[in-house]
Amino acid sequence: MNKELASKFLSSINHERDQDIQTTSRLLTTLSIQQLVQNGLAINNIHLENIRSGLIGKLYMELGPNLAINGEIQRGDIKVGDIVLIRPTKTKTKNKSGAKSGKASDDSNGEQVECSGVIYRMSDTQITISLEESQDAIATTFYSYNSLYILKTTNVVTYKRMESTMRKLSEFNTPIQDKIIQYLVHERPFIPNTSNLQKIESFLNPDLNDSQKIAINFAINNDLTIIHGPPGTGKTFTLIELIQQLLIKHPEERILICGPSNISVDTILERLTPLVSNNLLLRIGHPARLLDSNKRHSLDILSKKNTIVRDISQEIDKLIQENKKMKSYKQCKENWNEIKLLRRDLKKREFKTIKDLIIQSRVVVTTLHGSSSRELCSLYRDDPNFKLFDTLIIDEVSQAMEPQCWIPLISHQNQFQKLILAGDNKQLPPTIKTEDDQNVIHNLETTLFDRLIKIFPKKEMVKFLNVQYRMNEKIMQFSSHSMYNGKLLADAAVANRLLIDLPTVDAASSSDDADTKLPLIWYDTQGDEFQETEDEATILGSKYNEGEVAIVKEHIETLRSLNVPQDSIGVISPYNAQVSHLKKLIHDELKLADIEISTVDGFQGREKDVIILSLVRSNEKFEVGFLKEERRLNVAMTRPRRQLVVVGNIEVLQRCGNKYLKCWSEWCEENADVRYPNIDDYL
Ligand SMILES: Nc1ncnc2c1ncn2[C@@H]1O[C@H](COP(=O)(O)OP(=O)(O)OP(=O)(O)O)[C@@H](O)[C@H]1O
């Protein structure tokens, strides 16, 4: 089974990687720098301010805006953690033939001059990029260019890591030794443990509900657990208690916590920090990608506490600064040789420091990709049987492609006695770039959670959290009924909460406060006045709906007149173009900058008192595009605590042929306050 599984994923990953590279290179070759900037894929008009040394042979390149052109850096969609190319913008250089090269700056034999690195830190005035030290020679030449630009590119490293993991999986010979892997390749039946159970008598958190306690007790007593946490049911809340109980039960216990994204694991680490002795916590991963509050747990910061390591780093920085001023090639060469010797010494000392920090820790937190990092796996190089971990916890498992989940299992094979998965397979699936091969899409969208409940249909390892602490009951009902077999309950503290209960919403002050007493409102835009529009400006042909933008604006103004705070309001649309139009009106024109506006993905795991959901699709063909993705809509409609406002064409949803959308719109006609806006009142 392992061989079939591995080959299925290898072919799918290769296809996905090729799609990703093709899409990115098509954009980078067909669009001008200005168009790439417009679409958030590039940052232009910047220059090199400084280069300094970082952790384990990293260099940090600091870039600032060309003040002659603009005072601030236009960040676009580029964010911390992205892989980018740094290139000089157009400059008149002489190539070999002596002709002026009109292209972006080339080196003497016409090659594009560029470096690649990871965005380490970003602000409106400075970008710090982490480079491999091998790029220092090229990086220092950028001082001589007065303008640079950066391009967002594909992160091929993640594909390589999944591929090598799948290759190792295919090389396993049966019978497989690792009992957790035996479950995953269906070579071991799952039998819940019923003998000499360790029942937890006293929970540390007095607020845990029965379903959370059952999940924790089961995970303590079994080697495979899936904690199924629908929106707001306390998945993270439950994991925090479980981790503490594991550390109490077995003082020598060592836990590896992984997730598909840095934010998924940083959330857990943040909530663990006040509860677990901090010298037991270690965050592995690119310092660039960590929440500031977690940087103190990171190797980068902890290893710098070693004074010798810090002194050597400072010596290297001083030599790099001196190198900039040197004129003679001989001096430069001697200077770089001294830097190389110091770096070799630095690396040796850093690895020793890092090894000590890893061995001292009890809870190591990293992304799924980060779990195969050089720092962690170097401990097996000296001793293949080194006992590093006992338990693996994978959070947000339904947002990860299954090959990603295999990375810690293969990198640390024969280590884990226990595997705990936490997630919700009814929320957003992993993002797949492939569009032309349904088999590949199916293989990569089927998560480890989905596959395990298929190979173990009794689902005895699945523990369902059934009480949610976020939504007014009315808001929760359709999601519970359509996605969770009606099993969700609203905790008494939230079941009836409304906007009018917010301290700032002073009911007395407004004559018509109906809008703050309603949990569910639908503006039905049926008829042909509120038509959608194709957006040519964005490359991937997104869509927007100006009539809906106007309705969103008017509802926001009503809420604001009733003293609903800006930061209590969130606006979601599945379409990027609609998000851009909404931001332009609400942020730029109305100056309501504290109202969060984003796509569904941007709100994953988040919540607001009121969410306004703009569906956009309104056309004669009743086409709904990717609104059909019910897990995406399930996330969108379960973000609000007190009020859900939907702006959309009910007729399109009822006639598009999609059962879920038809059910939802019919249910809302029965249960929501439905309004029929007149276009003349808005445009
Ligand atoms: N047993 C409980 N008693 C009181 N509040 C709880 C309980 N469990 C969870 N909560 C609260 O519910 C909210 C959601 O909890 P948490 O963030 O752990 O859920 P989640 O499943 O990770 O959320 P999502 O899946 O929507 O991202 C938090 O404010 C948390 O404090």
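Let me begin by describing the structure that accompanies this report. As the structure is a computational prediction, the values presented were derived from the model and not from experiment. (Residues numbered from 1 in each chain as written. Predicted model: local features only at pLDDT ≥ 70, side-chain atom pairs only at ≥ 80, totals over all residues. Heavy atoms only, no water.)

**Remarks on the overall build of the protein**
Helix and strand counts for the protein stand at 21 helices and 25 strands. Compactness check: the protein gives a C-alpha radius of gyration of 27 Å against a globular reference of 26 Å for 683 residues, within 12% of the reference. Taken along the three principal axes of its C-alpha coordinates, the protein extends 80 × 70 × 50 Å. When each of the 683 residues of the protein is scored for burial, the buried share is 57%. Of the contacts formed within the protein by residues at least 6 apart in sequence, a portion of 76% connects residues at least 24 apart. Counting only carbon and sulfur atoms, one obtains 50% of the accessible surface of the protein, whose full area is about 29,600 Å². Mean positive and mean negative side-chain charge positions of the protein (87 and 92 charges, respectively) differ by 8 Å. (Helix = DSSP H or I, 4+ residues; strand = E, 2+ residues; numbered from the N terminus. Rg over C-alpha atoms; globule rule 2.2 N^0.38 Å. Buried < 20%, exposed > 50% of the residue type's maximum accessible area, 1.4 Å probe, protein only. Contact = heavy atoms within 4.5 Å. Areas by Shrake-Rupley, 256 points an atom, 1.4 Å probe, with all protein chains shown as cover. Lys, Arg positive; Asp, Glu negative; His and termini not counted. Charge placed at Lys NZ, Arg CZ, Asp CG, Glu CD.)

**A word on the sheet that holds strand β11 (residues 281-283)**
Taken in spatial order, the seven strands make up an open sheet running β11-β12-β10-β13-β14-β9-β15, and their pairing is parallel. The open sheet has two edge strands with one neighbour each: β11 and β15 (462-464). If you compare each strand with its neighbour and ignore which way they point, the axes differ by 20 degrees on average. Direction of pairing for strand β10 (residues 255-259) relative to strand β13 (residues 391-394): parallel, over a ladder of four bridges. Residue pairing in the sheet places L256 in a bridge with L392 of β13. Most of the contacts of helix α7 (residues 235-249) go to strand β14 (residues 418-423), to which it runs at about 160 degrees, and overall it touches β9 (224-228), β10, β12 (363-367), β13 and β14. (Pairing = 2+ DSSP bridges. Axes fitted to C-alpha atoms, helices over the stretch in contact; angles between N-to-C directions.)

**Considering the environment of V37**
Checked against the element boundaries, V37 lands in helix α2 (residues 33-38). With 41 residues separating them along the chain, V37 and I78 place their C-alpha atoms 9.9 Å apart. Look past the residues within four positions of V37 in its chain and what remains in contact with it is A42, I43 and N44.

**Remarks on the sheet that holds strand β25 (residues 673-675)**
Reading across the sheet, the six strands line up as β22-β21-β23-β24-β18-β25 and stay open at both edges, with parallel pairing between neighbours. The outermost strands of the open sheet, each flanked by one partner alone, are β22 (596-598) and β25. The average angle at which neighbouring strand axes cross in this sheet is 15 degrees, direction not considered. Strand direction decides the pairing type here: strand β21 (residues 569-572) and β22, joined by three bridges, are parallel.

**Concerning the pattern of salt bridges**
Summed over the entire model, instances satisfying the criterion amount to 35 salt bridges. In this structure, the salt-bridge partner of R167 is E163, at a minimum N-O distance of 3.7 Å. One end of the pair is R167 and the other is E163, both in helix α4 (residues 156-171) and four residues apart, which spans about a single turn. Accessibility expressed as a relative area gives 41% for R167, which makes it partly exposed. Among the residues examined, E163 registers a relative accessible area of 8% and is labelled buried. For E596, the salt bridge goes to R606, with nearest N and O atoms at 2.8 Å. Of this pair, E596 sits in strand β22 while R606 is found in the loop between β22 and β23 (608-614), placing the two residues ten residues apart along the sequence. Given a relative accessible area of 32%, R606 falls into the partly exposed group. (Salt bridge = Lys/Arg side-chain N within 4 Å of Asp/Glu carboxyl O.)

**Comments concerning the nonpolar core**
A general feature of soluble globular proteins is that nonpolar side chains tend to end up buried together. Membership of the largest hydrophobic core comes to 61 residues, with the highest contact counts inside it found for L184 and W406. Contacts of W406, omitting those with residues within four sequence positions, involve L5, T165, M166, L169, I181, L184, V185 and R451. Counting 39 residues, the second largest nonpolar core, distinct from the first, contains V494, F622, V652 and C656. (Core = buried A, V, L, I, M, F, W, Y, C linked by side-chain atoms within 4.5 Å.)

**A look at the packing of aromatic side chains**
Taken as a whole and assessed by the stated rule, the structure comprises eleven aromatic pairs. For the ring pair Y60 and Y120, a centre distance of 4.4 Å and an interplane angle of 40 degrees mean the geometry is tilted. Highlighted residues: Y60 in strand β2 (residues 58-65) and Y120 in strand β6 (residues 115-122), separated in sequence by 60 residues. Ring centres 6.4 Å apart and planes at 45 degrees place the aromatic pair F190 and F218 in the tilted group. One end of the pair, F190, is in the loop between α5 (179-184) and α6 (210-221); the other, F218, is in helix α6, and 28 residues separate them in sequence. Judged by relative accessible area, which is 7%, F190 ranks as buried. Judged by relative accessible area, F218 falls into the buried class, the value being 12%. (Phe/Tyr/Trp six-rings, centres within 6.5 Å; stacked < 30°, edge-to-face > 60°.)

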